[in-house]
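The chain contents come next:
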Amino acid sequence: MTLSAILPAVRRYPTIAIGGVLLAFVALAALLAPWIAGDPIGFEPINRLKPPSEAFLLGTDSLGRDVYARLVYGARISLLVGLTVALIAVVSGALIGLIAGYFPRVDAVIMRVMDGIMAIPAILLAIALVALMGSSVLVVIIAISIPEVPRVCRLVRSVVLSVRNLPFVEAARSNGTRVPKLLRRHILPSTVAPLIVQATYICASAILTEAGLSFLGAGTPPEIPTWGNMIASSRLFLMLAPWTVFAPGICLALVVLAVNLLGDGLRDRLDPRISRRM
Amino acid sequence: MLSYILRRLLGVIPVMLVVGVFVFSLLYLAPGDPAAIIAGDNATEENIARIRANLGLDRPFLVQFFDWGGSVLQGDLGVSMFSGIPVIELVRQRMEATISLTVTTLLVAVVLAVTLGVLAAWRAGSLLDRAVMGVAVTGFSVPVFVVGYILVYYLSMKLRWFPVQGYRPIADGLWDWARHLVLPSLALGLAYVALIARITRTSMLEVLSEDYIRTARAKGVATAPLLLWHALRNAAVPIVTVIGIGIALLISGVVITETVFNIPGVGRLVVDAITRRDYPIIQGVMIIFAGVYVLINLAIDITYCFIDPRIRYT
């Protein structure tokens, strides 16, 4: 694509462009981490709390670890958790939502369970699951996905309820289409646009929750650098070495902002009717 | 209307039952056999089995669940495994700080956010509108602890306007209490303000485009009463709904805010319990927070009857 073809698109959807470029940049950095960043784990006590310099782009933390290297490796965890949580929550939420919307008999039961999960604060549920199953990236991903499922389920259910009696669905049904195929071929497509938008919001909130869990010491094991545990391990040195707290903090905010902008842009582009849902 | 309220009240039961099953399963599945711990290192299998029977731990899941649920309903949330103090007592000791923080944040955030949202909708497309929306998107993206440390670094450490951390009970003086709450409330409230300002703007924009608003304006109604009395009242239902749903955001935020500012509240209680694997505390606080969330949303559902007589509750 030439520049003249890209510019009008950027002007029309500035939020998608800004969010997308920012995310692509961070994703690239995360992928290329071993080539563009030094050792994120090794520490040199002589170099404790050194301000940003040529040797250490963003200085060092209280153990003499390279903040820049940890930042680049930390992006891997944030993006991995954000993307997998969005995927897991959307797939399982959509499945449950399809069933709840299409079969009135199980609807009430499923929705009460979903209401119950929604009533438990997400971060407490995650803390409890991590305390129970031990800290690992997989456990964190599962723990963050569970509270997101009801949001997807409600969304999909409401779409199913609004299309299940429309003529094209009736027609397919009277043709003798079996229920699984009916759900997959005729009902599921109506949910795709709102689901894509919802997936970006879930991704943003998952990145925030993961960082929160790591910050509280209930996230990934401490030896894996994440933006949350970087802030947690540096918080006592805020006055002496503000870069150790602000570098991961700003990265976190920028990435979440990028995902949110992407979501807002996609929402305006794909489905202007739906507004932001909690 | 009465039957609507009654039905909503009954609706609380299944929701809390689901919460209960979730929370109880946590203790049921938690690693480590309490009977083995009580029996000590030299216990025989028989000893452990006897203690287990005494504690009632050999009974079926459902029996144990209803037994536990019964004591929760009577306010017995179990005993901390670490300190041996009843969980309800621990919560009571730390309640004041958490309530002070959340209630002040809630009040200030709602007033501020609704004002901003109304102004943004009134001057849609203006610089003011863009500024408010910009703050809303950003506010939603910056984590509580990052906002917290930025505030602490500039306003406490550099300018020395506010204390860096801690909490003062209200009994020690109103001024000191308020001074210690300013930064935590700001950090906690930002995302909440963003959420409510956004929905207020959307809801107001919809209402402001309606015919009756134009009629009122033509009739000579002044701007302030027009916005507040004619428009905001009709835009209120979605706003109030989001205020209720957003309580979840505040509750999750409180756990982190109390850690950032070293506030000895209920949130800190949970965070301290993580490393000690003090499951009864985690469980008890989960039940309490879930209960608060459900009750607030119940209250909000009931207020719909009063703010919007158009809705029929049959």
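Here the structure is a predicted model, which is why all the values come from computation and not from measurement.

Conventions and cut-offs
Residues numbered from 1 in each chain as written. Chains lettered and ligands numbered in written order. Predicted model: local features only at pLDDT ≥ 70, side-chain atom pairs only at ≥ 80, totals over all residues. Helix = DSSP H or I, 4+ residues; strand = E, 2+ residues; numbered from the N terminus. Buried ≥ 20, exposed ≤ 12 C-beta atoms within 10 Å, placed from the backbone. Contact = placed C-beta atoms within 7 Å. Nonpolar A, V, L, I, M, F, W, Y, C, P; charged D, E, K, R; others polar. Core = buried A, V, L, I, M, F, W, Y, C linked by C-beta atoms within 7 Å. Axes fitted to C-alpha atoms, helices over the stretch in contact; angles between N-to-C directions. Parallel < 35°, antiparallel > 145°, perpendicular 65-115°, else oblique. Left-handed = near helix turned anticlockwise from the far one by under 90°. pLDDT = per-residue confidence, 0-100. Expected span 1.5 Å × (residues − 1). Bend = angle between axes of the 7 residues up to and from the residue.

### Considerations on the overall build of chain B
Part 1 of the reasoning: Counting secondary structure elements, chain B contains 13 helices and zero strands.
Part 2 of the reasoning: Counted from the first residue to the last, chain B has its helices and strands arranged as α-α-α-α-α-α-α-α-α-α-α-α-α.
Part 3 of the reasoning: Dimensions along the principal axes, computed over C-alpha positions, put chain B at roughly 90 × 60 × 35 Å.
Part 4 of the reasoning: Looking at chain B as a whole, 36% of its 314 residues qualify as buried.
Part 5 of the reasoning: For chain B, the share of sequence-separated contacts (at least 6 apart) that also reach a separation of at least 24 residues comes to 72%.

### Remarks on the overall build of chain A
Part 1 of the reasoning: Along the backbone of chain A there are 11 helices and zero strands.
Part 2 of the reasoning: Summarising its shape, the C-alpha atoms of chain A cover approximately 75 × 55 × 30 Å along the three principal directions.
Part 3 of the reasoning: Partitioning the intrachain contacts of chain A with sequence separation of at least 6 by distance along the chain shows that 71% fall at a separation of at least 24.

### A few points about the interface of chain A and chain B
Part 1 of the reasoning: At the junction of the two partners, chain A supplies 37 residues and chain B supplies 41 residues.
Part 2 of the reasoning: Those elements that place two or more of their residues in the side of chain A that touches chain B are α5 (104-119), α6 (122-133), α9 (179-216) and α11 (243-270) of chain A.
Part 3 of the reasoning: With eight residues, the top contributor of residues to the side of chain A that touches chain B is α11 of chain A.
Part 4 of the reasoning: A per-class count over the side of chain A that touches chain B returns 27 nonpolar, six polar and four charged.

### Structural notes on the nonpolar core
Part 1 of the reasoning: Counting 161 residues, the largest nonpolar core has Leu124, Ile127 and Ile207 of chain A together with Val19, Ile196, Ile282 and Met286 of chain B as the members making the most contacts within it.
Part 2 of the reasoning: The element best represented in this core is helix α4 (residues 67-102) of chain A, accounting for 18 residues.
Part 3 of the reasoning: Setting aside its immediate chain neighbours within four residues, Ile127 of chain A contacts Ala218 of chain A together with Val270, Ile274 and Ile282 of chain B.

### Comments concerning the packing of helix α5 (residues 87-122) of chain B against helix α6 (residues 127-141) of chain B
Residues and elements named next belong to chain B.
Part 1 of the reasoning: Closest axis-to-axis distance for the α5/α6 pair is 8 Å, and the angle between their directions is 140°. Overall, the two elements α5 and α6 adopt an arrangement that is oblique. As α5 runs across α6, the sense of the crossing is left-handed. Mapping the contact onto sequence places Leu116, Leu119 and Ala120 in α5 and Leu128, Asp129, Val132 and Met133 in α6.

### Things to note about the packing of α6 of chain A against α9 of chain A
Residue and element names in this part refer to chain A.
Part 1 of the reasoning: Running from amino to carboxyl end, α6 crosses α9 at an angle of 55°, the nearest separation of the two axes being 11 Å. Between α6 and α9, the interaxial angle falls into the category oblique. With respect to the hand of their crossing, α6 and α9 are arranged in right-handed fashion. Two secondary-structure elements touch here, α6 through Ala122, Ile123, Ala126 and Val130 and α9 through Thr209, Gly212 and Leu213.
Part 2 of the reasoning: Looking at the contact of α6 with α9 residue by residue, the classes come out as five nonpolar, two polar and no charged.

### Describing the confidence of the model for chain A
Part 1 of the reasoning: Model confidence for chain A is summarised by a mean pLDDT of 84, while 95% of its residues fall at 70 or above.
Part 2 of the reasoning: Between residues 274-278 of chain A, whose pLDDT stays under 50, and residues either more than four places distant or in other chains, the model counts eight contacts.

### As for unusual backbone geometry
All names here are of chain B.
Part 1 of the reasoning: You will see that Arg160, though not glycine, has its phi angle at about 55°, which is positive.
Part 2 of the reasoning: Take Arg160: it is sitting in the loop between α7 (144-158) and α8 (174-208).
Part 3 of the reasoning: Of note, Asn262 is a non-glycine position whose phi angle comes to about 50°, a positive value.
Part 4 of the reasoning: As for its position among the elements, Asn262 is in the loop between α11 (247-260) and α12 (266-276).
Part 5 of the reasoning: Overall, the presence of 12 C-beta atoms within 10 Å leaves Asn262 in the exposed class.

### Topic: α7 of chain B
Part 1 of the reasoning: With 15 residues, α7 of chain B should cover 21 Å at 1.5 Å per step; its first-to-last C-alpha distance of 20 Å lies within 8% of that length.
Part 2 of the reasoning: At Val152 of chain B, α7 of chain B shows its maximal bend, which comes to roughly 30°.
Part 3 of the reasoning: Those residues of α7 of chain B not exposed but buried are Val144, Phe145, Val146, Val147, Gly148, Tyr149, Leu151 and Val152 of chain B.
Part 4 of the reasoning: Residues of α7 of chain B that are buried sit in contact with α9, α10 (227-234) and α11 of chain A together with α8 and α11 of chain B.
Part 5 of the reasoning: Where α7 of chain B terminates, the next one or two residues include Arg160 of chain B, which has phi positive at roughly 55°.

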